[in-house]
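Spelled out, the chains give:
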Amino acid sequence: MLVLGIESSCDETAAAIVNEKREILGQSLLSQEEHKVFGGVVPEIAARSHLDHIDEIIEHCVNKAGIKLEDLDAIAASSGPGLIGGVVVGVMAAKALALALNKPFIAVNHLEGHALCARLTEDVTYPYLLLLVSGGHCQILIVKGVGDFERLGTTIDDAAGEAFDKVAKMLNLGYPGGPMIEKMASVGNPDRFPLPRPLQNSGDCNLSFSGLKTAVRKIIESYSPDGKIEHAIMRKRDAADICAAFQTAATDCLTHKLKKAISYFKQNYPEGKDLVVSGGVAANTFLRESLKKLADKHQLQFSAPPIKYCTDNGVMIAWAGLERFQKGLTDTLDFKPRPRWPLDANAPKAAGAGGVKA
């Protein structure tokens, strides 16, 4: 069984082919460099770049796999959530192939691609506890099966990855900010600057990073003679210490809420044995190490996709498409791409309006 996956929801144009043996037969990815000068992704530029490159990305992927398009069993595409212009490009390419080849089309929730990716590379079985952390999303979920999610908590404002990018921008570290903050933090003192841990006493599994980001901003502004952040002058050591303090605080926020989620998970799903992290922020090694210690403490197996599959890629879409295809879950060609698509849209919420209570 061969499934082609296409990803174009943000600033990566990607394609991959996987089979039911968990083999990656071919993959191709183009990361758009045009956005660095703007310090963030410009939707119109991203959509145009996807349109310019998607055909060659798919062709390159198929050639690497050593197959013909006719050998495919299904075509999957990231169909939301995401920047709608880019999503439309990928979905239309997938639909065109499905129609021309008379193959099934599979609309994949981009977040489900992240959520299931660890099952391709690790021995992860349902149900499992998932921390999904990326630039646009931050959720704690129980993954009960394909398309079956129970949300325990989510961010009430900024996502973790968004906070990393904004702090990096305030420090003029460049875009994307996550890798730069991790690099600086590795030589910084995390104890020099005291930072808040928002919602620590909320009693639920929800998260907040806006206040943490604002606290960092105030520290940076203190280095400015007129209080304006753009005029702040600091040594590299100061910036490194801020990065270390921020990275530690953000990780503390995540692990604290995960402790509550683990308690709920073990009580209600005693057969579950895995704690999984996925999404772009899951590439952060400091976070990975902290989550591994947390999992070990609670006798759970810790799993994460390889770092190269944490950021957006075609492999995760192809694998999620294959899992859906095996369940007979295909879509008609009139499926409409979705800029918003909650992962747990058709699943029951955990007890309490704010998520799981302690």
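Each value, and the rule that gives it
- Counting starts from 1 at the beginning of each chain's written sequence and moves along it residue by residue.
- Only residues with pLDDT of at least 70 are given local features in this predicted model, and only at 80 or more are side-chain atom pairs given and counted; all residues enter the totals for whole chains, interfaces and linings.
- Side-chain descriptors were evaluated using all non-hydrogen atoms of the structure, hydrogens and water having been removed beforehand.
- In the sections that follow, a salt bridge refers to a side-chain nitrogen of Lys or Arg positioned within 4 Å of a carboxyl oxygen of Asp or Glu.
- Only protein chains enter the area calculation, which uses a 1.4 Å probe; residues under 20% of their type maximum are buried, those over 50% are exposed, and those in between are partly exposed.
- In this analysis, a patch consists of residues with relative accessible area above 30% that form no salt bridge, clustered at 9 Å for like charges and at 5 Å for the nonpolar side chains Val, Leu, Ile, Met, Phe, Trp and Tyr.
- All accessible areas in this document rest on Shrake-Rupley with a 1.4 Å probe, and a residue is counted as covered only by the protein chains that are shown.
- Put simply, DSSP marks the helices as runs of H or I at least four residues long and the strands as runs of E at least two long, and each gets a number from the N terminus on.
- Only when DSSP finds a minimum of two bridges between them are two strands counted as paired.
- Throughout, an axis means a line fitted to C-alpha atoms (over the contacting stretch in the case of helices), and angles, computed between N-to-C directions, take values from 0 to 180 degrees.
- We call two residues in contact when some of their heavy atoms are within 4.5 Å.
- Asp and Glu are treated as the negative residues and Lys and Arg as the positive ones, with His and the ends of the chain left uncounted.
- One atom stands in for each charge, and that atom is NZ of Lys, CZ of Arg, CG of Asp or CD of Glu.
- Each angle gets one of four labels, with under 35 degrees taken as roughly parallel, over 145 as roughly antiparallel, 65 to 115 as roughly perpendicular, and the rest as oblique.
- It is the rotation of the near helix from the far one that decides the hand of a crossing: anticlockwise by less than a right angle makes it left-handed, clockwise makes it right-handed.
- Gly counts as polar in this scheme, as do all residues outside two lists: the nonpolar Ala, Val, Leu, Ile, Met, Phe, Trp, Tyr, Cys and Pro, and the charged Asp, Glu, Lys and Arg.
- N or O atoms closer than or at 3.5 Å make up a polar contact, with two conditions inside protein: a donor-capable atom paired with an acceptor-capable one, and, for residues adjacent in sequence, both atoms drawn from side chains.
- The term nonpolar core refers to a set of buried residues drawn from Ala, Val, Leu, Ile, Met, Phe, Trp, Tyr and Cys, joined through side-chain atoms within 4.5 Å.

**Student:** Sorry if this is basic, but what is going on with the pattern of salt bridges here?
**Tutor:** Pairs can form between side chains of opposite charge once their charged atoms are near each other. The full count for this structure, using the stated rule, is 17 salt bridges. Measuring nitrogen to oxygen at the nearest pair gives 3.1 Å for the salt bridge that ties Glu33 to Lys36. Glu33 gets classed as partly exposed once you look at its relative accessible area, which sits at 49%. By relative accessible area, which is 47% here, Lys36 ends up partly exposed. Through salt bridges that share partners, Arg192, Arg235, Arg237, Asp238 and Asp241 make up one connected network.

**Student:** Just to check I follow, could you spell out a nonpolar patch on the surface for this structure?
**Tutor:** A surface patch of nonpolar side chains, about 240 Å² in accessible area, is lined by Ile84, Val88 and Met92. Within the secondary structure, Met92 is located in helix α2 (residues 84–101). Looking at Met92, the relative accessible area reads 48%, which means it is partly exposed.

**Student:** Is there a simple way to think about the pairing of strand β6 (residues 128–133) in this case?
**Tutor:** Across a regular strand the side chains alternate sides, sitting on one face of the sheet and then on the other. For β6, the tally of buried residues reaches 6 of 6 residues, placing the bulk of the element in the interior. Two successive antiparallel strands, β6 and strand β7 (residues 138–145), enclose a turn made up of 4 residues. Bridging between β6 and strand β9 (residues 274–278) involves 4 bridges; their strand directions are parallel. Looking at the pairing, Leu131 lines up with Val277 of β9.

**Student:** I keep staring at the sheet that holds strand β1 (residues 2–7) and nothing clicks. Help me out?
**Tutor:** Pairing between sheet strands relies on hydrogen bonds along the backbone, with the strands arranged either parallel or antiparallel. Taking strand neighbours across the sheet as the criterion, the 5 strands line up as β3-β2-β1-β4-β5 in an open arrangement whose pairing is mixed. Every other strand in the sheet has two partners, leaving β3 (24–31) and β5 (105–108) as the edge strands with one partner each. Geometrically, the sheet is characterised by an average inter-axis angle of 15° between neighbouring strands, direction not taken into account. Direction of pairing for β1 relative to strand β2 (residues 12–19): antiparallel, over a ladder of 6 bridges. Residue Glu7 lies in a different strand from β2, and its bridge partner there is Ala14. Docked against the sheet, helix α9 (residues 314–326) engages β1, β2, β3, β4 (74–78) and β5, running at close to 135° with respect to β1.

**Student:** Honestly, a negative patch on the surface in this entry has me stumped. Any pointers?
**Tutor:** On the surface, Glu20, Glu23, Glu70, Asp71 and Asp73 cluster together to form a negatively charged patch. Among the structural elements, Glu23 can be located in the loop between β2 and β3. On the accessibility criterion, Glu23 (39% relative accessible area) is partly exposed.

**Student:** What is the right way to look at the packing of helix α1 (residues 43–65) against α2 in this model?
**Tutor:** Axis angle and axis distance: for two packed helices, these are the angle between their axes and the distance between the axes, and together they describe the pair. At their nearest, the axes of α1 and α2 sit 8 Å apart, and the two run at 30° to each other. Overall, the two elements α1 and α2 adopt an arrangement that is roughly parallel. Judged by the twist between their axes, the crossing of α1 over α2 is right-handed. Contacts from Ala47, His50, Leu51, Ile54 and Ile58 in α1 reach Gly85, Gly86, Val89, Gly90, Ala93 and Leu97 in α2. Tallied by class, residues from the contact of α1 with α2 come to 7 nonpolar, 4 polar and no charged.

**Student:** Help me out: how do you make sense of the environment of Ser28 in this one?
**Tutor:** Mapped onto the elements of the fold, Ser28 is located in strand β3. Put simply, Ser28 and Asn63 are 35 residues apart on the chain and 10.0 Å apart in space, counted from C-alpha to C-alpha. A polar contact of 3.0 Å, which involves the side chain of Ser28, links it to the side chain of His60.

**Student:** I would appreciate a short explanation of the sheet that holds β6 in the present structure.
**Tutor:** Strand order in the open sheet formed by 5 strands is β8-β7-β6-β9-β10, with mixed pairing between adjacent strands. The open sheet terminates on both sides in strands that have one partner only, identified here as β8 (148–154) and β10 (301–303). Averaged over neighbouring strand pairs, the angle between their axes works out to 25° when direction is ignored. Along the sheet, helix α7 (residues 236–268) makes contact with β6, β7, β8 and β9, crossing β6 at roughly 155°.

**Student:** Would you explain the nonpolar core in this entry?
**Tutor:** Buried together is how nonpolar side chains tend to be arranged in soluble globular proteins. In terms of nonpolar packing, the biggest core is built from 60 residues, with Leu129, Val133, Ile140, Leu195, Phe209, Phe246 and Leu258 touching the most fellow members. Elements with a minimum of two residues in this core: β6, β7, α4 (160–170), α5 (177–185), α6 (210–221), α7, β9 and α8 (285–297). Listed in part, the 30 residues of the second largest apolar core include Val3, Leu130, Val276 and Leu322.

**Student:** Could you clarify how one ought to interpret the packing of α4 against α6 in this entry?
**Tutor:** The N-to-C vectors of α4 and α6 enclose an angle of 10°; their axes lie 10 Å apart at closest approach. Here α6 runs roughly parallel to α4, going by the angle between their axes. Along its contact with α4, which presents Lys166, Val167 and Met170, the element α6 presents Lys213, Val216, Arg217 and Ile220.

**Student:** Please clarify how the side chain of Ser78 should be interpreted in this entry.
**Tutor:** In this fold, Ser78 is placed in strand β4. Classification of Ser78 as buried rests on a relative accessible area of 1%. Here the side chain of Ser78 touches Glu7 through a polar contact of 3.1 Å, side chain to side chain. At 3.4 Å, the side chain of Ser78 and the side chain of His110 are in polar contact.

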